[in-house]
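In case you want the letters, here they are:
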Amino acid sequence: MKIILKEDIANLGYKDDVVEVKNGYGRNYLIPQGKAVIATESALKVLAENQRQRAHKIAQIKADAEAAAAALQGVELLTIAAKTGANDTIYGSVGALQIAEALAKLGHNVDRKIIVLKDAVKTLGKYTCTVKLHKEVSVEIPFEVVAETAEA
């Protein structure tokens, strides 16, 4: 079934994309949740007209994302302190929330929902995360997890 997405959905597509999904996923989840509509001929015409009218606004959003990416390129290495146990393992894990807080301390206001980690960070060491500012603009940010006692 072809649907038009009303919002960005991870591993599926971005807002206003026309994607092919299985019937059950579309009819039982995406459409009732208000995340998509069926891609009928009239809906596709409305989408094309809306995109034509929003072209200038979309260009401005992309320019803002590129400016934010340029500012984030200056971040060389974030240091995140975590409580550790034996063998340098972390109690819990370091996630997008801790990375967003560390970026906020440096003056970069980044929503935690756009920070993507490849794997769960459960040991001390150096890692990288991706900040997806726009569907065409993303930034790799290196970070290091250190023991809390080392910083204190």
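Bear in mind that the values here come from a model prediction, so they are computed numbers and not experimental data.

Caption draft 1: Examining the side chain of Thr 130 more closely. Considering the arrangement of structural elements, one finds Thr 130 in strand β8 (residues 125-134). You can call Thr 130 buried: its relative accessible area is 13%. Among all residues touching Thr 130, those that are not within four sequence positions of it are Ile 114, Ile 115, Val 116, Ser 138, Val 139 and Glu 140.

Caption draft 2: Examining the sheet that holds strand β1 (residues 2-5) more closely. Spatial ordering of the open sheet is given by β2-β1-β3, a layout of three strands whose pairing is antiparallel. Edge positions in the sheet fall to β2 (18-20) and β3 (36-38), since each has one partner strand and no second. Strand-to-strand twist across the sheet, computed as the mean angle between neighbouring axes with direction ignored, equals 40°. Here three bridges tie β1 to β2, and the two strands are oriented antiparallel to one another. Its bridge partner being in β2, Ile 3 is matched across the sheet by Val 19. On top of the sheet, helix α2 (residues 41-73) reaches β1, β2 and β3; it is set at about 30° to β1, its chief contact.

Caption draft 3: Quick peek at the environment of Leu 124. With respect to the helices and strands, Leu 124 occurs in the loop between β7 (121-123) and β8. Counting along the chain gives 42 residues from Leu 124 to Ala 82, while the straight-line C-alpha distance between them is 8.4 Å.

Caption draft 4: Just the sheet that holds strand β9 (residues 137-147), in detail. Here we have four strands laid out as an open sheet, ordered β4-β9-β8-β6, and mixed in their pairing. This sheet does not close on itself; its edge strands, each paired only once, are β4 (78-82) and β6 (115-116). When β8 meets β9, the two strands line up antiparallel, connected through nine bridges. By the bridge assignment for β9, Thr 128 is matched with Pro 142.

Rules used in this analysis
- Every chain is numbered independently, its residues counted from 1 as its sequence is written.
- Owing to the predicted nature of the model, reporting of local features is limited to residues with pLDDT of at least 70; listing and counting of side-chain atom pairs is limited to 80 or more, with chain, interface and lining totals taken over all residues.
- Side-chain metrics rest on all non-hydrogen atoms present in the structure, leaving aside hydrogens and water.
- Only DSSP runs of H or I with at least four residues qualify as helices, and only runs of E with at least two residues qualify as strands; both kinds are numbered from the N terminus onward.
- Throughout this description, buried means an accessible area under 20% of the type-specific maximum (1.4 Å probe, protein chains only), exposed means over 50%, and partly exposed covers the range between.
- By definition, residues are in contact when any of their heavy atoms lie within 4.5 Å.
- Whether two strands pair depends on DSSP finding at least two bridges between them.
- Orientation is described by lines fitted to C-alpha atoms, with helices fitted over the stretch in contact, and by angles between N-to-C directions that extend from 0 to 180 degrees.

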